[in-house]
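Structural overview
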Amino acid sequence: MILSAALASLTSLHSVYWFFPLIFCIVPLIGYNVRRLLVLDSGILLLIISYLFVNRVISFTTANLLSIIGFFFLFVGVWFYARNTLLVSGIDEVFESSSDKNVQDFKRSALNDLFGNVVMGFFLAVFAGLIGAYSSLEMGIGANIEIILMVIFSSAVFFILYLLINIFSWKKTA
Amino acid sequence: MKMDKLLVYLTALTILTVLLGNLFRSWVFFMGAISSLALFVIVGRSLPPDDIRVDVRRETSRGIRDVYLGDEIELNIHLENKGDELRFLEVHDILPSLVEVVDGSNHQIVRLEKGEKKDLYYKISCPVSGKIEVGPTKIRYRDTFNFFSEELDEEENISIRILPRVQEMKKIDINPSYTKHWLGDIKSKSIGVGNEFFSLREYHIGDEIRDINWKATARYQKPFTNEYEAEKSGDVILVVDGYKKGIVGTMRNNTLESSVDAAASLSSAILSARNQVGVIVAGEYLNWVYPGTGKNQYQSILSNLAKFEKGGTWGLEGVKWLLEDFFPRRSMIIFISPLTVPEFSDTIVDFCRREYDVMVISPDPVKIEKNIVGDLGSTAEKLHRAERKNIIEKLWTYGTVVVDWDPNQPLEPALEEVLRYRQRKRRA
């Protein structure tokens, strides 16, 4: 967590508020150490907001877009990892047999989930960011690419709509 | 909604970034909003399974519901996943606080593939007698990042009776002073049905051929018949004192537990001598078993002792009317009481004055306390000892036989010693 915040601060040296991520990472650190999920969660949200605030004046380029989204998902990855670590440490405390195969499997599957979600989320966000940039920020691109992008973006919008409807219509069947 | 917490966080982040983006007129915040939406779509899609259904069934091994104190009982939880794959399923069988898990665990984590069946086992033991409720079984699914949890069906409780510990007492002859007509093991010093030779008499018509004493017949040239000493039985009523104020010790080791164990052991020994045994347990409620014999009687005594609840409603004086009005007169009454409530000794004396044959078995509360806390402090211990000695001497004076029993030791030697003294006294 400290490393990611330090990295964020280092890449934000152009701003007078470059130290904000470093300061705001204290809150989730406290939450992590005292095992208060609410403090951890709100601390991470504050860290993300502080990072965005520090970089609010940077110019729009593809590199900056990737950097902003990259850091966003880095913080999210740290957040998820911290929550998973707290859960696993809770399991270790309650269950003497933490070497149990089921617990080991669970730890492994957590890492897979973490990696999969963050990477997939990153690509989806980059994709969606490009849509936003194209539609609102008057990014100049060629006519042929525009047509291809239109088709891809329309499909993506419908796909995301489908996913959202699917998520919201979920019912408790247990 | 699949992931309530995550939804709240990401919605808050999205709204905040959109507001800040408008405020600062910065594209960076809008990228934050887009990223949080993308994250929500991905995580919400992949994490909790759509269908979470697990069938739970709990049972004891071989369907046993009665166990003796200190015995182990195996519990099996059968799980069947009828929904999607569950990576983290927490199974927690709720147990009463006194119950000890001796093998396995009542709290386990399992992973269940789709359609998979799994059996979980663990063994428990209970250090106190009585009825225990096992369950309900709490089942909780959690996702890997602890954003989502779902409580599943709960299996109903099952009741298990922990019967009191029974000590083997082979040498004990608790012979009631007043016997009844039915056959037993007590020698009555009178002629009747029995196995022990008593005397000879001339043959009368109707005597059994097998009772003819052939040696005496040959010697005196006329038929003689053996007479036997009648073996009879009596009524013994065990009165267990469960008055709450008088109980000394911890939840696991106390005078009441010792009294219940003693009552169970005595009823087994007395019943095996073909006497009739009844039980009155006085605590929160007044439970009793009318005198009877046989295995069924023993089982009903044990179950009565197992469901017994200590309380402050019924002291020993409260059982007076019950004994007088409902139980046979001239029964032998064995009070099992720590004698910590002084008024109870008056009740016992009162019974001695009447036509009852009274015995007191008193688990020593000072010994129990000493076993728990170590040194009591010499003055306090001396005071308690003196007080107890006074009560016991008073009871002896009124003709009560008192067994001052150290519950950390077996009951048989202490009882045997006192019974020997009682027999000598009777002969004298």
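Look up: the structure comes first, before these words.
Residues numbered from 1 in each chain as written. Chains lettered and ligands numbered in written order. Predicted model: local features only at pLDDT ≥ 70, side-chain atom pairs only at ≥ 80, totals over all residues.

This part takes up the overall build of chain B. For chain B, the helix and strand inventory stands at 10 helices and 20 strands. The buried share of chain B, reckoned over its 428 residues, is 39%. When contacts within chain B are restricted to residue pairs at least 6 apart in sequence, long-range pairs at least 24 apart make up 73% of them. (Helix = DSSP H or I, 4+ residues; strand = E, 2+ residues; numbered from the N terminus. Buried ≥ 20, exposed ≤ 12 C-beta atoms within 10 Å, placed from the backbone. Contact = placed C-beta atoms within 7 Å.)

It is common to give the size of an interface as the accessible area lost on bringing the parts into contact. Contacts between the two partners involve 43 residues from chain B, matched on the other side by 49 residues from chain A. Elements with a minimum of two residues in the side of chain B that touches chain A: helix H1 (4–24), helix H2 (27–46), strand E4 (86–93) and strand E6 (107–112) of chain B. Top contributing element to the side of chain B that touches chain A by residue count: H2 of chain B, with 17 residues. Residues that form the side of chain B that touches chain A fall into these classes: 25 nonpolar, 10 polar and 8 charged. (Nonpolar A, V, L, I, M, F, W, Y, C, P; charged D, E, K, R; others polar.)

If you look at the biggest cluster of nonpolar residues, it comprises 138 residues, and the most contacted ones within it are Leu89, Leu238, Val239, Ala263, Ile333 and Ile334 of chain B. Sort the elements by how many residues they give to this core and H2 of chain B lands first, with 14 residues. (Core = buried A, V, L, I, M, F, W, Y, C linked by C-beta atoms within 7 Å.)

Right, let's get into the sheet that holds strand E9 (residues 137–142) of chain B. By definition, the strands of a sheet pair up through backbone hydrogen bonds, in either a parallel or an antiparallel sense. Residue and element names in this part refer to chain B. What the 4 strands build is an open sheet, ordered E6-E4-E9-E10; its pairing is antiparallel. Each having just a single partner strand, E6 and strand E10 (149–151) make up the two edges of the open sheet. If you compare each strand with its neighbour and ignore which way they point, the axes differ by 25 degrees on average. Bridging between E4 and E9 involves 5 bridges; their strand directions are antiparallel. Among the inter-strand pairings, Leu89 is bridged to a residue of E9, identified as Tyr141. (Pairing = 2+ DSSP bridges. Axes fitted to C-alpha atoms, helices over the stretch in contact; angles between N-to-C directions.)

Buried residues of helix H8 (residues 365–373) of chain B: Pro365, Ile368 and Glu369 of chain B, and no others. All buried residues of H8 of chain B project into a common sector of 95 degrees when viewed along the axis, lining one side. (Arc of directions from axis to C-beta.)

This part is about the packing of helix H3 (residues 26–33) of chain A against helix H4 (residues 37–54) of chain A. Residue and element names in this part refer to chain A. For the pair H3 and H4, the least separation of the axes is 7 Å and the interaxial angle reads 165 degrees. Between H3 and H4, the angle is such that the two are roughly antiparallel. Both H3 and H4 take part in a crossing whose hand is left-handed. Only Val39, Leu40, Gly43, Ile44, Leu46 and Leu47 of H4 make contact with H3, whose side of the interface consists of Val27, Pro28, Ile30, Gly31 and Tyr32. (Parallel < 35°, antiparallel > 145°, perpendicular 65-115°, else oblique. Left-handed = near helix turned anticlockwise from the far one by under 90°.)

A few words on the sheet that holds strand E8 (residues 130–134) of chain B. Residues and elements named next belong to chain B. The sheet built from 3 strands is open, its strands ordered E2-E11-E8 with mixed pairing. Because the sheet does not close on itself, it has two edges, and the strands there are strand E2 (66–68) and E8. Going across the sheet, the axis of each strand differs from the next one's by a mean of 30 degrees, ignoring polarity. The pairing of E2 with strand E11 (residues 158–163) spans 3 bridges and is parallel. Along E11, the bridge assignment pairs Asp66 with Arg161. Where helix H5 (residues 294–306) meets the sheet, it contacts E8 and E11, and its direction lies at approximately 110 degrees from that of E11.

All names here are of chain B. The terminal C-alpha atoms of helix H4 (residues 255–272) lie 26 Å apart, and with 18 residues this matches the ideal 26 Å at 1.5 Å per residue to within 8%. Most of H4 is tucked away, with 15 of its 18 residues classed as buried. Within two residues after H4, Arg274 carries a phi angle of roughly 65 degrees, on the positive side. (Expected span 1.5 Å × (residues − 1).)

Our next topic: unusual backbone geometry. Residues and elements named next belong to chain B. Even without being glycine, Arg25 reaches a positive phi, approximately 50 degrees. Looking at where Arg25 falls in the secondary structure, it is placed in the loop between H1 and H2. C-beta crowding within 10 Å serves as the criterion here: with 9 such atoms nearby, Arg25 is assigned to the exposed category. Of note in this structure, Leu339 is not a glycine but carries a positive phi near 60 degrees. Looking at where Leu339 falls in the secondary structure, it is placed in the loop between strand E18 (332–336) and helix H7 (342–353). Judged by the 26 C-beta atoms lying within 10 Å of it, Leu339 falls in the buried class.

All names here are of chain B. For strand E16 (residues 276–282), a buried count of 7 out of 7 residues is recorded, marking the element as mostly surrounded by other parts of the structure. Covered by surrounding structure in E16 are Gln276, Gly278, Ile280 and Ala282 together with Val277, Val279 and Val281, the residues of both alternating faces. For the segment spanning strand E15 (residues 235–241), H4 and E16, crossover handedness is right-handed. As paired elements, E16 and strand E17 (residues 286–292) share 5 bridges and run antiparallel to each other. Residue pairing in the sheet places Val277 in a bridge with Gly292 of E17. Where E16 hands over to E17, the hairpin turn is made up of 3 residues, counted between the paired strands. (Right-handed = clockwise from strand over helix to strand, strands pointing away.)

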